[in-house]
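So you can see what is in the structure, the chains are spelled out below.
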Amino acid sequence: MKVSFAAVTLPKSGALAVPVQEGRKLLPTAAQLDKKTGGALSRAMSGSRFEGKSGELLEILVPAGIDNDRVLLYGLGDPKKLVDRDLQDAGGNLAAKLNAVGEKAAAVVVEAPGRGKGAWAANLGYGALLASYRFDKYKTKEPASKKLSLAKLSVLTAEAADARKLYRDLEEIAAGVFLTRDLVSEPANVLYPAELAARAKALSKLGIKVQVLGEAQMEKLGMGALLGVGQGSARESQLLVMRWDGAPKAKDKRPIAFVGKGVCFDTGGISIKPASGMEDMKWDMGGAGVVVGLMRALAGRKAQVNAVGICGLVENMPSGKAQRPGDIVTTASGQTVEVLNTDAEGRLVLADALWYVQDKFKPRAIVDLATLTGAIIVSLGSVHAGLFSNDDALSEQLATAGKEVGELVWRLPLGKDYDKAIDTEAADMKNIGNREAGSITAAQFLQRFVEKDLAWAHLDIAGVTWSKKGKPTAPKGGTGFGVRLLDRLVAAHYES
Ligand code: BES
Ligand code: MN
Ligand code: ZN
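Residues numbered from 1 in each chain as written. Chains lettered and ligands numbered in written order. Predicted model: local features only at pLDDT ≥ 70, side-chain atom pairs only at ≥ 80, totals over all residues. Heavy atoms only, no water.

Visitor: Would you mind going over the coordination of the manganese ion (ligand 2) in detail, with residue names and values included?
Guide: The manganese ion (ligand 2) binds to the protein through Asp266 (OD), Asp343 (O), Asp343 (OD) and Glu345 (OE), with metal-donor distances spanning 2.0 to 2.2 Å. Coordination at the manganese ion (ligand 2) is irregular: its six donor atoms span angles of 70 to 165 degrees at the metal. Metal-to-metal, the separation of the manganese ion (ligand 2) and the zinc ion (ligand 3) is 3.1 Å; Asp266 coordinates the two. You can call Glu345 buried: its relative accessible area is 0%. (Donors = N, O, S within 2.8 Å, 3.2 Å for Na, K, Ca; no water. Tetrahedral: all angles 85-135°; square planar, octahedral: opposite > 155°, others 65-115°. Buried < 20%, exposed > 50% of the residue type's maximum accessible area, 1.4 Å probe, protein only.)

Visitor: Quick one: what's the story with the site of ligand 1, residue by residue and with numbers?
Guide: Inspection of the region around ligand 1 gives 17 residues, with Lys273, Asp284, Asp343, Glu345 and Gly374 positioned closest. Between ligand 1 and the protein, one listed contact pairs an oxygen atom with a side-chain N or O atom of Asp343 at 2.8 Å. Note that an oxygen atom of ligand 1 is positioned 2.8 Å from one of the side-chain N or O atoms of Glu345. Within the complex, 77% of the 510 Å² of free accessible area of ligand 1 lies under protein. (Near = heavy atom within 4 Å. Polar contact = N/O pair within 3.5 Å; in protein donor to acceptor, adjacent residues only side chain to side chain. Areas by Shrake-Rupley, 256 points an atom, 1.4 Å probe, with all protein chains shown as cover.)

Visitor: Help me get a handle on the environment of Phe449, residues and values and all.
Guide: Assignment of secondary structure puts Phe449 in the loop between α14 (438-447) and β18 (455-460). Taking the C-alpha atoms as reference points, Phe449 and Trp355, 94 residues apart in sequence, are found 6.2 Å from one another. Here Phe449 is in contact with Thr331, Ser333, Gln335, Val337, Ala351, Leu354, Trp355, Gln358 and Met429, once residues within four sequence places are set aside. (Helix = DSSP H or I, 4+ residues; strand = E, 2+ residues; numbered from the N terminus. Contact = heavy atoms within 4.5 Å.)

Visitor: Help me get a handle on the packing of helix α5 (residues 160-185) against helix α9 (residues 286-300), residues and values and all.
Guide: It is at 7 Å that the axes of α5 and α9 come closest, and there the two elements cross at 155 degrees. Judged on the interaxial angle alone, α9 and α5 are roughly antiparallel. Helix-helix and strand crossings are classified by hand; for α5 and α9 the assignment is right-handed. Here Glu172, Ile173, Ala175, Gly176, Leu179, Thr180, Leu183 and Val184 of α5 lie close against α9, whose contacting residues are Gly286, Gly289, Val290, Val292, Gly293, Arg296, Ala297 and Gly300. (Axes fitted to C-alpha atoms, helices over the stretch in contact; angles between N-to-C directions. Parallel < 35°, antiparallel > 145°, perpendicular 65-115°, else oblique. Left-handed = near helix turned anticlockwise from the far one by under 90°.)

Visitor: So what's going on with the layout of surface pockets? Residues and values would help.
Guide: Put simply, the second largest pocket is a space of about 510 Å³. Taken together, 24 residues line the second largest pocket, and the ones lying closest to its centre are Tyr133, Arg134, Leu148, Pro475 and Lys476. Where the lining of the second largest pocket is concerned, the elements lending two or more residues are α3 (84-101) and β20 (477-478). Of all the elements, α3 adds the most residues to the lining of the second largest pocket, at four residues. Split by residue class, the lining of the second largest pocket holds nine nonpolar, eight polar and seven charged. Three or more residues apiece are contributed to the lining of the second largest pocket by two domains, here domain 1 (2-158) and domain 2 (173-493). (1 Å grid on protein atoms, 1.4 Å probe; cavity = no way out; pocket = protein on both sides within 12 Å on 5 of 7 lines; lining within 4 Å. Points joined across faces, edges and corners; volume = space filled by probe spheres on them. Nonpolar A, V, L, I, M, F, W, Y, C, P; charged D, E, K, R; others polar. Domains from an automatic or database assignment.)

Visitor: Could you give an account of unusual backbone geometry, naming the residues involved and the relevant values?
Guide: Phi at Arg115 takes a positive value of approximately 50 degrees, unusual for a residue other than glycine. Inspection of the secondary structure assignment puts Arg115 in the loop between β6 (105-109) and α4 (119-131). With a phi angle near 50 degrees, Lys302 is a residue other than glycine that sits in the positive phi range. Structurally, the position occupied by Lys302 is in the loop between α9 and β11 (306-316).

Visitor: Tell me about the domain arrangement of the chain, and name the residues and values.
Guide: When the domains of the chain are assigned, the result is domain 1 (2-158) and domain 2 (173-493). A C-alpha centroid distance of 38 Å is found between domain 1 and domain 2. At the interface, 15 residues of domain 1 touch 19 residues of domain 2. Summing both partners gives a buried area of about 1400 Å² for domain 1 against domain 2, and 62% of it is carried by carbon and sulfur. Between the two partners, domain 1 and domain 2, sit one salt bridge. Residue Lys137 is joined to Glu186 by a salt bridge in which the shortest nitrogen-to-oxygen separation is 2.5 Å. Where domain 1 touches domain 2, the interface holds four residue pairs in polar contact (both at pLDDT 80 or more). Of all the elements in the fold, those that place two or more residues in the side of domain 1 that touches domain 2 are α3 and α4. In the side of domain 1 that touches domain 2, the residues fall into seven nonpolar, five polar and three charged. (Buried area = accessible area lost by both parts, 1.4 Å probe. Salt bridge = Lys/Arg side-chain N within 4 Å of Asp/Glu carboxyl O.)

Visitor: Help me get a handle on the coordination of the zinc ion (ligand 3), residues and values and all.
Guide: Around the zinc ion (ligand 3), the protein contributes the donor atoms Lys261 (NZ), Asp266 (OD), Asp284 (OD) and Glu345 (OE), which lie 2.0 to 2.4 Å from the metal centre. Coordination at the zinc ion (ligand 3) is octahedral, judged from the six donor atoms that bind it and the angles of 78 to 174 degrees they form at the metal. Mapped onto the sequence, the donors of the zinc ion (ligand 3) take the spacing K-x4-D-x17-D-x60-E. Take Lys261: its relative accessible area is 2%, and that puts it in the buried class.

Visitor: Tell me about empty space enclosed by the protein, residues and numbers included.
Guide: The tally for this structure, following the rule as stated, stands at one cavity of 30 Å³ or more. Its boundaries defined by the atoms lining it, the largest cavity holds a volume of some 50 Å³. Around the largest cavity, the lining residues are Gly228, Val229, Gly269, Ile270, Asn316, Met317, Ala322, Gln323, Thr342 and Glu345.

Visitor: Describe the pairing of β6, with residues and values.
Guide: Along β6, four of the five residues are buried, which leaves the element largely enclosed by surrounding structure. As paired strands, strand β2 (residues 15-21) and β6 are joined by three bridges and run parallel to one another. Looking at β6, one finds that Leu16 is bridged to Ala107. Here β6 pairs with strand β7 (residues 152-156) via five bridges, running parallel. Across the sheet, the residue bridging to Ala105 is Lys152, located in β7. With respect to chirality, the unit in which β6 leads through α4 into the neighbouring parallel β7 is right-handed. (Pairing = 2+ DSSP bridges. Right-handed = clockwise from strand over helix to strand, strands pointing away.)

Structure representation (structure tokens):
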């Protein structure tokens, strides 16, 4: 879908959307249309529950007096309370509606007091773009009438030039979100470790340096934990290393690091999962998907930051070569792990990836993302991602960024008493705790692979990576949760 920006001249045909303030107060363009149509807008409002509240939509078909086939009123609520996200949601709702009714092109007027500099218009366009995503490449027989119809959205605003400028970066972020959604939506027969790595390699055309380590190289580095998870699979495990060096010369060179769990399929291994719902485990590479999409976003908008993205890519399969419960593996850090449950594999993959990024890049901070535990879904549902961190400032930054972009995180505790739960007789640690606090003991495990004085945050995204319901700016399916959050974190605190 292509979004463009132009001055407010009303199109004579096609679909047209105009804003209405809370209390059914028509803004200038809507008032003008109301006049031309002999009061059709006012009558439609009084004949419905539409009050102009934020999130509301009202459709008026073929109003007399004008040649537009459809006028949509969208609610702005109280303009004094508007934030960028409200405009994104309005754009998302409008795009969903226009797609549902089969419009191919439409114009939306943006006029609301406040913010200025094209921000309202740019964010409405951004929201409409984020909503215009559907993973339908494998639907070979679907009629065009079922596909997304909206190909062009023209945003009409007095601040078109400014909006166009702002939209350039937003479009790049959306491209990152879409890449993440594509990756998590692909089935595991198509997207295995080497294929995920190949899709990342395609990003070199944007200036991202991509390097992929295979099993032989990882063996040399002593990555027994990651390799143990992948050893039952016919597909080769990979360590994906991406770098975006966008910081201006003189500044702090140390990168911010992002680490993703990339389990392309998680059967559970020998500790096999039940059949029902196992297909969801194609998106157990969601953390890696976010890291790849985030790097795409940062490079696309030429972020002034040095960033590295590391993904441990494996497939967790049972087979004659698979790792067994009770196996003891040696991680790249030298610490040993007794694998008591082969389904607690994400932490094993991350242990070696975390060690690698610290040893090799000496980062300023690390954020890892993983669809790590079912327990986080029990705690937080699909509303917040779980946040665990050894650093209060980084936690605050993430929480704030999350609220701003609408990708919420909620901090849970870490501590010595939880850490004890992963001590074991036979090795330095075991890969599961007891039944209690499963997401926390998983995070404690990761923390054992992070240097003490390094700012680190872990996001458990098991509940937010895939949505059965959908939101205005994230249709059901792969959400891309994390790309916008971490892009905002970088923009607000790590760019010079
Ligand atoms: N990938 C799963 C976690 C998961 C579950 C993600 C549901 C998304 C939806 C992870 O590898 C796993 O199997 N975790 C186990 C850990 C347990 C064996 C300690 C779990 O949560 O049950
Ligand atoms: Mn598992
Ligand atoms: Zn898993």
